[in-house]
Amino acid sequence: MPNFRYYDYNQNVMVVINFEGQLQPETFELTLHHLIDDHIALSVFHKKYLNYSGG
(Lines give C-alpha, C1' and ligand atoms only; values in the text may rest on other atoms or scores of the structure.)
Protein backbone atom coordinates (compact mmCIF):
# COMPACT_ATOMS: atom_id res chain seq x y z
CA MET A 1 0.00 0.00 0.00
CA PRO A 2 1.49 3.37 -0.94
CA ASN A 3 2.10 5.84 1.81
CA PHE A 4 0.96 9.19 0.43
CA ARG A 5 1.18 12.30 2.54
CA TYR A 6 -2.23 13.39 3.71
CA TYR A 7 -3.38 16.70 2.28
CA ASP A 8 -6.39 18.60 3.54
CA TYR A 9 -7.80 21.21 1.16
CA ASN A 10 -9.33 23.02 4.10
CA GLN A 11 -6.04 23.53 5.89
CA ASN A 12 -4.60 26.97 6.33
CA VAL A 13 -1.06 27.98 5.43
CA MET A 14 1.09 30.83 6.70
CA VAL A 15 -0.98 33.18 4.55
CA VAL A 16 -4.54 32.27 5.39
CA ILE A 17 -5.93 30.75 2.19
CA ASN A 18 -8.60 28.09 2.03
CA PHE A 19 -7.69 26.42 -1.26
CA GLU A 20 -11.00 24.65 -1.77
CA GLY A 21 -12.79 27.92 -1.08
CA GLN A 22 -10.89 29.47 -4.00
CA LEU A 23 -12.54 27.09 -6.47
CA GLN A 24 -15.52 28.85 -7.97
CA PRO A 25 -18.68 26.88 -8.89
CA GLU A 26 -19.10 25.76 -12.49
CA THR A 27 -15.46 26.33 -13.47
CA PHE A 28 -12.95 24.05 -15.14
CA GLU A 29 -10.81 24.00 -12.00
CA LEU A 30 -13.63 22.76 -9.76
CA THR A 31 -14.65 20.15 -12.36
CA LEU A 32 -11.05 18.92 -12.60
CA HIS A 33 -10.78 18.77 -8.81
CA HIS A 34 -13.91 16.60 -8.57
CA LEU A 35 -12.82 14.36 -11.45
CA ILE A 36 -9.47 13.62 -9.83
CA ASP A 37 -10.87 13.16 -6.32
CA ASP A 38 -14.01 11.19 -7.16
CA HIS A 39 -13.82 9.55 -10.59
CA ILE A 40 -10.25 8.78 -11.65
CA ALA A 41 -8.63 5.62 -10.33
CA LEU A 42 -5.21 6.68 -9.09
CA SER A 43 -4.16 3.11 -8.31
CA VAL A 44 -1.83 3.09 -11.35
CA PHE A 45 0.49 5.36 -9.32
CA HIS A 46 0.54 3.17 -6.19
CA LYS A 47 3.42 0.94 -7.34
CA LYS A 48 5.69 3.94 -7.97
CA TYR A 49 4.95 5.43 -4.55
CA LEU A 50 5.20 2.20 -2.58
CA ASN A 51 6.88 3.50 0.55
CA TYR A 52 6.47 2.34 4.13
CA SER A 53 8.84 4.76 5.83
CA GLY A 54 7.56 8.15 4.80
CA GLY A 55 5.18 9.90 2.51
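See the structure above.
All figures in this text were calculated on a predicted structure; none of them were measured in a lab. (Residues numbered from 1 in each chain as written. Predicted model: local features only at pLDDT ≥ 70, side-chain atom pairs only at ≥ 80, totals over all residues. Heavy atoms only, no water.)

Participant: When you look at the overall build of the chain in this model, what are you seeing that I'm missing?
Facilitator: Assigned secondary structure in the chain consists of one helix and zero strands. Across the 55 residues of the chain, 5% fall into the buried class. The long-range fraction of contacts in the chain, counting pairs at least 24 apart against all pairs at least 6 apart in sequence, stands at 56%. (Helix = DSSP H or I, 4+ residues; strand = E, 2+ residues; numbered from the N terminus. Buried < 20%, exposed > 50% of the residue type's maximum accessible area, 1.4 Å probe, protein only. Contact = heavy atoms within 4.5 Å.)

Participant: What am I meant to see in unusual backbone geometry here?
Facilitator: Its identity is not glycine, yet Glu26 carries a phi of approximately 60°, on the positive side. With respect to the helices and strands, the residue Glu26 is situated in the segment before helix 1 (28–39).

Participant: Honestly, a nonpolar patch on the surface in this entry has me stumped. Any pointers?
Facilitator: A cluster of nonpolar side chains, Phe28, Leu32, Leu35, Ile36, Ile40, Leu42, Val44, Phe45 and Tyr49, forms an exposed patch at the surface whose accessible area comes to about 860 Å². By the secondary structure assignment, Leu42 is in the segment after helix 1. With relative accessibility at 39%, the residue Leu42 sits in the partly exposed group. (Patch = residues over 30% accessible without salt bridge, like charges linked within 9 Å, V, L, I, M, F, W, Y side chains within 5 Å. Areas by Shrake-Rupley, 256 points an atom, 1.4 Å probe, with all protein chains shown as cover. Salt bridge = Lys/Arg side-chain N within 4 Å of Asp/Glu carboxyl O.)

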